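Listed here are the chains, written in short residue letters.
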Amino acid sequence: VVLHKGKKSNEASLQDIPLPVPKEDEVLVRIHASALNHRDLWILKGLYPGIVDASVLGADGCGQVIRVGPSAPSGAAELIGRTVMINPTIDFGTNNFRIIGLGAAMGTFADYTVVRRDQIFEKPQFLSNAQAAAFCLAGLTAYRSVVTKGNVQSGDVVLVTGIGGGVALFAMQFAIALGATVYVTSGSDEKIKRAKAIGAADGTNYKLEGWARQLPRNVDVVIDGAGGDALNEYIRILNINGRIVSYGATIGKCENLDVTRMFLKNIELRGTSMGSPTEFADMIRLIEKHKMLPIIDSTWSLENYQRAFQRLSSGDHFGKVILEHESYANL
């Protein structure tokens, strides 16, 4: 799926391109399954930084290693044939940090892609290819939000906002696995009901009048991807020494952040984006320990990528939208 950059908006199309050739520190992966993220939608809408024409889109992927680059170190050939999950981040924590699926960092919406060797991690056997692909970007973001930044502990009370999206659902699942009590918010009663069915203690519909008064009290950690003035409501319900972890700002800025209440309650606002290779490996260990399965909303063939994009764009999804790559071109 190749991006075509326009003046006001962008488009994507299926296109035949030459088979990518791995460099010395890279591997060629035949993609079995990939997954969509809102990042892909923002790229198409022209609302994402660094958009490059003719990019192969996609950041989530699971597949089989087919080749290693020339002059690869001894032992690299052992990777051939292994089924792996792809960490979509490159050079995390540096000024050169980037995510695959734009420019020279080829994405996963393709039969084959090339990634660095340090980006691949062996797939847990109990996960299907589609399930493994679902975890990559959103799971890593959620893991860093909950574990590294949120420091969620057993017995904590956690509020996860905007339940239904991939990151929010993974954050809920990770926090529950760590022994926390998790509450959620959503603009959909049905999504709240579904979240409660898989472990949430309760939920609040933020579209209802007076919704903020229905939020739980004595919260230790808030995991939020929306931003906006609701941040002040979260400050109000947080315990002393509480943490707000922000991984996005789909609503936008908080115009009048209640800084006074923040410092009086010793509340910390912690930003986060993606995660490191170490955190990706730690995420997989947590998934394996608890035999966690992702919530998958729907599965589409790669050829039906447009319908998959429409499903994600609708906002009606609950969980990850998956692309299965059924037709593998032979080398």
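Rules of the game
- Numbering of residues starts from 1 in each chain and follows the order in which that chain's sequence is written.
- Confidence filtering applies because this is a predicted model: local features only for residues at pLDDT of at least 70, side-chain atom pairs given and counted only at 80 or more, and all residues used for totals across whole chains, interfaces and linings.
- Hydrogens and water are ignored here; the side-chain numbers use all heavy atoms of the structure.
- For helices the rule is a DSSP run of H or I covering at least 4 residues; for strands it is a run of E covering at least 2, with both sets numbered from the N terminus onward.
- The buried label applies to any residue whose accessible area, calculated with a 1.4 Å probe on protein chains only, is under 20% of its type's maximum; exposed applies above 50%, and partly exposed to all values in between.
- Counting rule applied: Lys, Arg positive; Asp, Glu negative; His and chain ends not counted.
- Charged groups are reduced to one reference atom each: NZ for lysine, CZ for arginine, CG for aspartic acid, CD for glutamic acid.
- Throughout, a disulfide means two cysteine sulfur atoms within 2.5 Å of one another.
- Aromatic contacts are taken between Phe, Tyr and Trp rings whose centres are within 6.5 Å, Trp giving its six-membered ring; a plane angle under 30 degrees counts as stacked, one over 60 as edge-to-face, and the others as tilted.
- Here, expected helix span is obtained from the residue count minus one, scaled by 1.5 Å.
- Among the buried residues, those of types Ala, Val, Leu, Ile, Met, Phe, Trp, Tyr and Cys that are joined through side-chain atoms within 4.5 Å form a nonpolar core.
- Residues are treated as being in contact if the distance between any of their heavy atoms lies within 4.5 Å.
- Between the N-to-C directions of two axes lies an angle of 0 to 180 degrees, each axis being a line fitted to C-alpha atoms and, for a helix, fitted only over the stretch in contact.
- For this classification, under 35 degrees means roughly parallel, over 145 means roughly antiparallel, 65 to 115 means roughly perpendicular, and everything else is oblique.
- Under the scheme applied here, ten amino acids are nonpolar (Ala, Val, Leu, Ile, Met, Phe, Trp, Tyr, Cys and Pro), four are charged (Asp, Glu, Lys and Arg), and all others, including Gly, are polar.
- Bend, at a single residue, is the angle you get between axes fitted to the 7 residues ending at that residue and the 7 residues starting at it.
- Strand pairing is assigned whenever DSSP detects at least two bridges linking the two strands.
- Between Lys or Arg on one side and Asp or Glu on the other, a salt bridge is scored when a side-chain nitrogen of the former is within 4 Å of a carboxyl oxygen of the latter.
- Crossover handedness is defined by viewing with both strands directed away from the observer: a clockwise path from the first strand over the helix to the second marks the crossover as right-handed.

In terms of helices and strands, the chain carries 8 helices and 17 strands. Across its three principal directions, the C-alpha atoms of the chain cover 60 × 45 × 40 Å. In the chain, which comprises 331 residues, the proportion classed as buried is 53%. Of note, the chain has its 34 positive side-chain charges centred 3 Å away from the centre of its 33 negative side-chain charges.

The subject of this paragraph is the state of the cysteines. In total, this model carries 0 disulfides according to the counting rule given. Cysteine Cys62 shares no disulfide, and the gap to the nearest cysteine sulfur, in Cys136, comes to 7.2 Å. Residue class for Cys136 comes out buried when judged on its relative accessible area of 0%.

Per the counting criterion, the structure on display carries 7 aromatic pairs. Summarising the aromatic geometry, the rings of Tyr143 and Phe174 are spaced 6.0 Å apart at their centres and angled 80 degrees between planes, so their arrangement reads as edge-to-face. Taken as a pair, Tyr143 in helix α2 (residues 129-149) and Phe174 in helix α3 (residues 166-177) lie far apart in primary sequence, 31 residues in all. Side by side, Tyr143 and Phe174 carry an identical accessibility label, which is buried. A centroid spacing of 6.2 Å and a plane angle of 20 degrees characterise the contact between Phe170 and Phe174, whose relative ring orientation is stacked.

Before going further, it helps to examine α3. In this model, α3 (12 residues) spans 16 Å end to end at C-alpha, consistent with the 16 Å of a helix rising 1.5 Å per residue. Buried residues dominate α3, accounting for 10 of its 12 residues. Trailing α3 by a residue or two, Gly179 shows a phi angle of about 100 degrees, which is positive.

Turning our attention to unusual backbone geometry. Positive phi is not limited to glycine here, since Asn241 has a value of about 70 degrees. With respect to the element layout, Asn241 can be found in strand β14 (residues 238-246). Residue classification places Asn241 among the partly exposed positions, given a relative accessible area of 47%.

This next bit is on the nonpolar core. In terms of nonpolar packing, the biggest core is built from 63 residues, with Val158, Val160 and Phe174 touching the most fellow members. The element that contributes the greatest number of residues to this core is α2, accounting for 12 residues. Each residue touching Val158, except ones within four places of it in the same chain, is listed here: Val152, Ala175, Ala180, Thr181, Val182, Tyr183, Val219, Val221 and Ile223. Counting 19 residues, the second-largest nonpolar core is a separate cluster that includes Leu41, Leu102, Trp300 and Leu302.

We now examine the packing of α2 against helix α7 (residues 277-290). Look at α2 against α7: their axes get within 9 Å of each other, and the N-to-C directions meet at 90 degrees. The pairing of α2 with α7 is recorded here as roughly perpendicular in orientation. Between α2 and α7, the contacting residues are Phe135, Cys136, Gly139, Leu140, Tyr143, Arg144 and Thr148 on the first element and Glu279, Phe280, Asp282, Met283, Leu286 and Ile287 on the second. Counted by class, the contact of α2 with α7 contains 8 nonpolar, 2 polar and 3 charged residues.

Take α2 next. Because an α-helix completes one turn every 3.6 residues, residues spaced three or four positions apart along the sequence face the same direction. Along its 21 residues, α2 runs 29 Å from first to last C-alpha, staying within 8% of the 30 Å computed at 1.5 Å per residue. Along α2, the sharpest kink reaches roughly 50 degrees, centred on Cys136. Where α2 terminates, the next one or two residues include Asn151, which has phi positive at roughly 50 degrees.

Pairing is parallel in the open sheet, where 6 strands are placed in the order β12-β11-β10-β13-β14-β15. Looking along the sheet, the strands with just one partner apiece sit at the ends: β12 (202-205) and β15 (268-271). Across the sheet, the axes of successive neighbouring strands diverge by a mean angle of 20 degrees, strand direction being ignored. Sheet contacts for helix α5 (residues 230-237): β10 (157-160), β13 (219-224) and β14; angle to β14, the most-contacted strand, approximately 150 degrees.

The next point concerns the pattern of salt bridges. Considering all chains together, one arrives at 13 salt bridges under this definition. Arg285 is the partner of Asp282 in a salt bridge, and the nearest nitrogen-oxygen pair spans 2.3 Å. Taken as a pair, Asp282 and Arg285 lie in helix α7 at a separation of 3 residues, close to a single helical turn. A single salt-bridge network, built from bridges that share partners, covers Asp91, Arg98, Arg116 and Asp118.

Let us look at the pairing of β13. For β13, a buried count of 6 out of 6 residues is recorded, marking the element as mostly surrounded by other parts of the structure. Here β10 pairs with β13 via 3 bridges, running parallel. Across the sheet, Leu159 pairs through a bridge with Val222, a residue of β13. Where β13 and β14 come together, 5 bridges link them in parallel fashion. Considered in β14, the bridge of Asp224 is made with Ser246. For the handedness criterion, the β-α-β arrangement of β13, α5 and β14 is classed as right-handed.

Don't take any of this as a statement about function, it's just geometry.
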